[in-house]
Amino acid sequence: MAMSVGEGGDEAPMSDINTTPLVDVMLVLLIIFLIAVPVVIQTVDLQLPKVQFEPTTTKPENVSLSVTGSNGQCQVFWGMTPVSSKELLDRAVAKLKAEIDRQGGPNAAGLELPEVHIRGDVNTPYRCIGGTIYTMQMAGFAKVGFISEPEAGSANVRL
């Protein structure tokens, strides 16, 4: 390392920046991050519960959908009636609008919007259920839940 002592008759201040401390600090930070990152990335092995459920409160205004899929075809049932994607969206918008109007309009105090309860077959592809969720959210439903059958002997658990 070299250091200028000001010899040579120039009385002007030295304007060169000493970058050695900056490089030293950066190297130390690099080493710290190289050591700390693998520790942060590690995960804890957990055995998650198979089914967590909360008993469903069924209200007449809630929408009950059943979704099945086989051979690449998705089928959605509104109650017991099969519906296409377009019919699902149209019925959902009409149902939500009717419920909001029944409660006094969109600016009514204490507005309680209906929920969507989806029952999905175990062998149904995710795209079928995901498409149903997306359609109901496009219609304006904010609460979408899944109905599952708890394992035999399991207790109700609230998280």
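Scroll up to find the structure this text is about.
Below is a summary of the structure that appears in this document. Keep in mind it's a predicted model, so treat the numbers as computed, not measured.

### A few points about helix 3 (residues 126-139)
Thought 1: Over its 14 residues, helix 3 runs 20 Å from end to end, which matches the ideal 20 Å to within 8%, given 1.5 Å per residue.
Thought 2: Where helix 3 is concerned, the buried positions are C128, I129, G130, T132, I133, T135, M136 and A139.
Thought 3: Positive phi appears at G140, one or two residues downstream of helix 3, with a value of about 115°.

### Focus on the pairing of strand 1 (residues 63-70)
It is a general feature of regular strands that their side chains alternate between the two faces of the sheet.
Thought 1: Residues of strand 1 alternate between two faces, with V63, L65, V67 and G69 buried on one and S64, S66, T68 and S70 left unburied on the opposite face.
Thought 2: Here 5 bridges tie strand 1 to strand 4 (residues 116-120), and the two strands are oriented parallel to one another. Bridging from a neighbouring strand, S66 pairs with R119 of strand 4.
Thought 3: Here 6 bridges tie strand 1 to strand 2 (residues 73-78), and the two strands are oriented antiparallel to one another. Within strand 2, the position partnered with G69 by the bridge is C74.
Thought 4: Linking two consecutive strands that pair antiparallel, namely strand 1 and strand 2, is a turn of 2 residues; a positive phi of about 55° is found at N71 within it.

### Digging into helix 2 (residues 85-102)
Thought 1: Given a rise of 1.5 Å per residue, 18 residues ought to cover 26 Å, and the 26 Å separating the end C-alpha atoms of helix 2 matches this to within 8%.
Thought 2: Burial in helix 2 covers these residues: L88, A92, L96, E99 and I100. For helix 2, the angular spread of buried residues about the axis comes to 100°, placing them on one side. Those residues of helix 2 that are exposed and angled more than 90 degrees off the buried face are K86, K97 and R102.
Thought 3: Buried positions along helix 2 lie against strand 1, strand 2, strand 3 (81-83) and helix 3.
Thought 4: Note on helix 2: the residue one or two positions beyond its end, G104, has a positive phi of about 110°.

Rules behind the numbers
- Residues numbered from 1 in each chain as written.
- Predicted model: local features only at pLDDT ≥ 70, side-chain atom pairs only at ≥ 80, totals over all residues.
- Heavy atoms only, no water.
- Helix = DSSP H or I, 4+ residues; strand = E, 2+ residues; numbered from the N terminus.
- Expected span 1.5 Å × (residues − 1).
- Buried < 20%, exposed > 50% of the residue type's maximum accessible area, 1.4 Å probe, protein only.
- Pairing = 2+ DSSP bridges.
- Arc of directions from axis to C-beta.
- Contact = heavy atoms within 4.5 Å.

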